[in-house]
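Residue strings, one per chain:
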Amino acid sequence: MADVSHRIDRAQLILVSGLVIAVTLLVLVLLLNTVIYTENVATRGVGTDGGDAISSQQAIESELERLIAAEQALVDGEAAWEDEWNSLSERVEHGTEHTLAHLANRSVMRGTIAETESNMTPGIQANRSTTALTENTTFASNLTETRMFSLTIDPNTSDTSATLTDQRNENWTANISVTSDQVNVSSDGSELCSVDHAGEPVTLHAHNQTLVRHDGQDIDCGETLWGGEGTPSNEEMYDITLETEDGAIEIAFNLIAGGETVAPGEDLSDDEAIPFVYRLTVEYTYVTSDLTYETTFHMEGEPT
Amino acid sequence: MSRNRAISVTLDYVLMLSIAMIVLASVVFLSGHVVDGQLNQGAEEELTATGESLAADLETAARLTEVGEEDTSVRFQTDLPRQVSGSSYDISVRENELELTSTNPDQSVTVPVAVDAIEETEVRGGPLVIELVDGQLEVSER
């Protein structure tokens, strides 16, 4: 009897233990399943496509900016403008094609598609130190964009005047007159700004509409000078010419501008007209199984 | 004299089984509560993970929009699960936040997203498309 009772007790113990273990396993399975599945959902679909597209674009920009700067540094302005530009554009085009082809190959190896198209806009820096101009002088032709346009007027020759004009379209003029004590800028008969020169050179920054004295004092000439209605813009090509009127006017000028068919004025010598890459435009497309990204970006060159 | 005198075998068995049943029922009842709690917590965690995945994709698309200069177009496909804890869910897209709501269990989570220019919309959870339209990101079902 005692033996039977002992066996019954043991059986009950085993039964209850089995039940407890079964329930414990059930709860553990549920807990772990939730944890594993949630971790799976959290890490699923974490792709790097967007980051790759951005880093690829930034790599292109960086490489091409370096290329443009390196090739521009080789321009010395000793040969004719057209020859210098042809040589520069050829080197930049070749370098751009090589860079973009290398990128395309690297993309294919990573299972992505990166397509690019590029277009270059030539630019000109036309500059001359202070000279007495007695005849009409065209600084540059076939412009569509002007980045900087500055004239330094030497008041040594007083009672003289000249007119800046876009010549080709005749929509815009700015008259500069020098008296014994002032430099005046006007347009269509209306005075825009004037300054006492005190015998020292005065600089007209047409591109940001200011007239600056030798001591740094600047006067706002308003949008009518540059930026308002009639101002040359990229809607149609223009030339910038200085037309002399009453005798010689002593000026220095610095023009940085661009256009598809830009050319220096006929009166400029080889070392007064420097070609540079005004803008390099790249149309960029990046495609993966999940992402399609297209954009157009620009790199601006600078003259040496 | 045996100490088992006057205790029948039948009563012994009945008592034993009754105690076992009570223990089993208690364990099952308590486990049920624990399981329910785990299901709810699991659903909440899944919704949060799904929402954060979508938020990361939206922020990537926004970053592409910022980096792009002219004529930029972005189309991004994202594969979210169609169900969470066995039931479907809806996503409310709003400026700077996403709200994910499931019906069974009844759960709602809000996930922040650092994107301002986004069109407010509601979509069903699952494969989605994020597209740049007129300067704003739009989320739609694929």
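Above this text you will find the structure in question.
Quick caveat: nothing in here was measured; it's all calculated off a predicted structure.

Considerations on the overall build of chain A
Argument step 1. When its secondary structure is counted, chain A shows three helices and 15 strands.
Argument step 2. Principal axes of the C-alpha set define a box for chain A whose edges measure 140 × 40 × 30 Å.
Argument step 3. The buried share of chain A, reckoned over its 304 residues, is 45%.
Argument step 4. When the accessible surface of chain A is totalled, it reaches about 15300 Å², and 49% of it is carbon and sulfur.
Argument step 5. Once the 12 positive and 53 negative side-chain charges of chain A are each reduced to a mean point, those two points are 24 Å apart.

Quick notes on the interface of chain A and chain B
Argument step 1. Contacts between the two partners involve 30 residues from chain A and, on the opposite side, 32 residues from chain B.
Argument step 2. Contact between chain A and chain B buries roughly 2800 Å² in total, counting both sides, with carbon and sulfur atoms accounting for 61%.
Argument step 3. Along the contact surface separating chain A from chain B lie zero salt bridges.
Argument step 4. For the pair chain A and chain B, the interface holds 12 residue pairs in polar contact (both at pLDDT 80 or more).
Argument step 5. Where the side of chain A that touches chain B is concerned, the elements lending two or more residues are helix 1 (2-43), helix 2 (49-72) and strand 15 (291-300) of chain A.
Argument step 6. Tallying contributions element by element places helix 1 of chain A first for the side of chain A that touches chain B, with 12 residues.
Argument step 7. When the residues that make up the side of chain A that touches chain B are grouped by side-chain class, the tally is 14 nonpolar, 12 polar and four charged.

Comments concerning the sheet that holds strand 13 (residues 263-264) of chain A
Whether parallel or antiparallel, the strands of a sheet pair through hydrogen bonds between backbone atoms.
All names here are of chain A.
Argument step 1. Strands sit in the order 7-6-5-4-11-2-13 across an open sheet of seven strands; the sheet is antiparallel. Across the chains shown, the open sheet's two edge strands, defined by having one partner strand only, are strand 7 (190-196) and strand 13.
Argument step 2. By the bridge criterion, four bridges tie strand 4 (residues 160-165) to strand 11 (residues 238-244) in an arrangement that is antiparallel. By the bridge assignment, A162 is partnered in strand 11 with T244.

Description of the environment of E223(A)
Residue and element names in this part refer to chain A.
Argument step 1. Relative to the elements of secondary structure, E223 occurs in the loop between strand 10 (218-220) and strand 11.
Argument step 2. When the C-alpha positions of E223 and T210 are compared, they lie 9.9 Å apart, and in sequence the two are 13 residues distant.
Argument step 3. Not counting residues within four places of it along the chain, the set of residues in contact with E223 comprises Q209, G228 and T231.

As for the nonpolar core
Argument step 1. F139(A), F149(A), L164(A) and L204(A) are the most contacted members of the largest nonpolar core, which has 92 residues in total.
Argument step 2. Not counting chain neighbours up to four residues away, the residues in contact with F139(A) comprise A126(A), F149(A), L151(A), L164(A), I240(A), L242(A), I251(A), F253(A), L255(A), P264(A), G265(A) and L268(A).

What to know about the pattern of salt bridges
Argument step 1. The tally for this structure, following the rule as stated, stands at 14 salt bridges over all chains.
Argument step 2. Linking R147(A) and E302(A) is a salt bridge whose minimum nitrogen-to-oxygen distance equals 3.5 Å. Highlighted residues: R147(A) in strand 3 (residues 145-154) and E302(A) in the segment after strand 15, separated in sequence by 155 residues.
Argument step 3. Here D79(B) and R142(B) are joined by a salt bridge, their closest N and O atoms 2.5 Å apart. In this pair, D79(B) sits in strand 1 (residues 70-79) while R142(B) sits in the segment after strand 8 (136-141), placing the two residues 63 residues apart along the sequence.
Argument step 4. In this structure D79(B) comes out as partly exposed when scored by relative accessible area, which is 47%.

Let's talk about the sheet that holds strand 1 (residues 113-133) of chain A
Argument step 1. Within the open sheet, the 11 strands sit side by side as 10(A)-9(A)-8(A)-3(A)-12(A)-1(A)-14(A)-15(A)-1(B)-7(B)-8(B). Their pairing is antiparallel. The open sheet terminates on both sides in strands that have one partner only, identified here as strand 10 of chain A together with strand 8 of chain B. Sheet twist, expressed as the mean angle between neighbouring strand axes with direction ignored, is 15 degrees.
Argument step 2. As judged from the nine bridges shared by strand 14 (residues 273-287) of chain A and strand 15 of chain A, these two strands associate in the antiparallel manner. Counterpart to Y286(A) in the pairing with strand 15 of chain A is Y293(A).
Argument step 3. Running at roughly 165 degrees to strand 14 of chain A, helix 2 of chain A makes contact with strand 1, strand 14 and strand 15 of chain A of the sheet.
Argument step 4. Its contacts with the sheet put helix 3 (residues 81-109) of chain A on strand 1 and strand 14 of chain A, and the angle it makes with strand 1 of chain A is roughly 155 degrees.

Looking at the packing of aromatic side chains
Residue and element names in this part refer to chain A.
Argument step 1. Across all of its chains, the model carries nine aromatic pairs over all chains by this definition.
Argument step 2. Relative to W85, the ring of W81 lies with its centre 6.4 Å away and its plane at 15 degrees, an arrangement referred to as stacked. Of this pair, W81 and W85 both sit in helix 3, four residues apart, roughly one helical turn.
Argument step 3. Ring centres 6.0 Å apart and planes at 45 degrees place the aromatic pair F276 and Y278 in the tilted group.
Argument step 4. The exposure class of Y278 is buried, given its relative accessible area of 3%.
Argument step 5. Counting every residue linked through ring pairs, the aromatic cluster contains F139, F149, W172, W226 and F253.
Argument step 6. When the ring centre of Y278 is taken as reference, the NZ or CZ atom of R147 above it lies at 4.3 Å.

Quick word on the pairing of strand 4 (residues 97-102) of chain B
Residues and elements named next belong to chain B.
Argument step 1. Residues L98, L100 and S102 of strand 4 are buried on one face, while the alternating residues E97, E99 and T101, pointing to the opposite face, are not.
Argument step 2. Here strand 3 (residues 87-94) runs beside strand 4; their pairing, made up of six bridges, is antiparallel. Each residue of the ladder has a partner; that of Y89, found in strand 4, is S102.
Argument step 3. Linking strand 3 back to strand 4 in an antiparallel pair, the connection comprises two residues, with N96 at a positive phi of about 70 degrees.
Argument step 4. Between strand 4 and the antiparallel strand that follows it, strand 5 (residues 107-112), lie four residues.

Examining a nonpolar patch on the surface
Argument step 1. Where nonpolar side chains cluster on the molecular surface, the patch consists of L15(A), V16(A) and V20(A) and spans about 230 Å² of accessible area.
Argument step 2. Looking at the secondary structure, you find L15(A) in helix 1.

Rules and cut-offs
- Residue numbering note: each chain is counted from 1, following its sequence as written.
- Think of it this way: whatever chain is written first is A, whatever ligand is written first is 1, and the rest follow in order.
- Reporting in this predicted model follows two pLDDT cut-offs: at least 70 for local features of residues, and 80 or more for side-chain atom pairs to be given and counted; totals over whole chains, interfaces and linings ignore these cut-offs and use all residues.
- Side-chain descriptors were evaluated using all non-hydrogen atoms of the structure, hydrogens and water having been removed beforehand.
- Under the DSSP-based scheme used, a helix requires at least four consecutive residues in state H or I and a strand at least two consecutive residues in state E, with every element numbered from the N terminus.
- Accessibility here uses a 1.4 Å probe with only protein chains present; expressed as a share of the type maximum, an area under 20% marks a residue as buried, one over 50% as exposed, and anything in between as partly exposed.
- Per-residue and other accessible areas were derived by the Shrake-Rupley procedure at a 1.4 Å probe size, with only the shown protein chains allowed to occlude residues.
- We count Lys and Arg on the positive side and Asp and Glu on the negative side, and we leave His and both chain ends out.
- In this description, the location of a charge corresponds to atom NZ of lysine, CZ of arginine, CG of aspartate or CD of glutamate.
- Residue contacts are counted whenever heavy atoms from the two residues lie within 4.5 Å of one another.
- As used here, buried area is the combined drop in accessible area, with a 1.4 Å probe, of two parts when they are placed together.
- The term salt bridge refers to a side-chain nitrogen of Lys or Arg lying within 4 Å of a carboxyl oxygen of Asp or Glu.
- Here a polar contact is taken to be a pair of N or O atoms separated by no more than 3.5 Å, where protein atoms must pair a possible hydrogen donor with a possible acceptor and residues adjacent in sequence count only if both atoms sit in side chains.
- Ten residue types, Ala, Val, Leu, Ile, Met, Phe, Trp, Tyr, Cys and Pro, are classed as nonpolar, four, Asp, Glu, Lys and Arg, as charged, and the remainder, Gly among them, as polar.
- Two strands pair if DSSP finds at least two bridges between them.
- Among buried residues, the Ala, Val, Leu, Ile, Met, Phe, Trp, Tyr and Cys ones that are joined through side-chain atoms within 4.5 Å form a nonpolar core.
- Comment: axis = line fitted to C-alpha atoms, over the contacting stretch for helices; angle = value between 0 and 180 degrees taken between N-to-C directions.
- Whether two aromatic rings pair depends on their centres lying within 6.5 Å, for rings of Phe, Tyr and Trp, where Trp uses its six-membered ring; planes under 30 degrees apart make the pair stacked, over 60 edge-to-face, and the rest tilted.
- Lysine NZ or arginine CZ positioned within 6 Å of the ring centre and within 35 degrees of the ring normal marks a charge as sitting over the ring.
- Exposure above 30% relative accessible area and the lack of any salt bridge qualify a residue for a patch; like charges then connect within 9 Å, and the nonpolar side chains Val, Leu, Ile, Met, Phe, Trp and Tyr within 5 Å.

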